[in-house]
Amino acid sequence: MKSAFRILLVLVGLAAIALTFVLVRDLIGFDHAVRNPEDGFSDWQCASESGTCDP
């Protein structure tokens, strides 16, 4: 029983590390998109009524 708990604990730890990695990667991408709008706007960066993303 203790080995099953240990395996579960290791799997939960690995999942936490993977989630942290994904969140940090997305945060870095978000920061780059905000600081460098000249690379092209994403849909979330477009104001709906200002026409900032109109062709």
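Residues numbered from 1 in each chain as written. Predicted model: local features only at pLDDT ≥ 70, side-chain atom pairs only at ≥ 80, totals over all residues. Heavy atoms only, no water.

A. Expanded view of a nonpolar patch on the surface. A cluster of nonpolar side chains, namely Ile7, Val10, Leu11, Leu14 and Ile17, defines an oily patch on the protein surface of about 500 Å² accessible area. Within the secondary structure, Leu14 sits in helix 1 (residues 2-35). (Patch = residues over 30% accessible without salt bridge, like charges linked within 9 Å, V, L, I, M, F, W, Y side chains within 5 Å. Areas by Shrake-Rupley, 256 points an atom, 1.4 Å probe, with all protein chains shown as cover. Salt bridge = Lys/Arg side-chain N within 4 Å of Asp/Glu carboxyl O. Helix = DSSP H or I, 4+ residues; strand = E, 2+ residues; numbered from the N terminus.)

B. Fine view of the pattern of salt bridges. This model, assessed by the stated rule, comprises two salt bridges. A salt bridge links Asp26 to Arg25, with the nearest nitrogen and oxygen atoms 3.5 Å apart. Overall, the relative accessible area of 42% leaves Asp26 in the partly exposed class. Residue Arg25 is classed as partly exposed on the basis of its relative accessible area of 47%. Asp31 is paired through a salt bridge with Arg35; the nearest N and O atoms lie 2.9 Å apart. With Asp31 and Arg35 both in helix 1, this residue pair falls four residues apart, about one helical turn. According to the relative accessible area criterion, Asp31 is partly exposed, its value standing at 35%. What makes Arg35 exposed here is its relative accessible area of 63%. (Buried < 20%, exposed > 50% of the residue type's maximum accessible area, 1.4 Å probe, protein only.)

Structural measurements only, silent on function.
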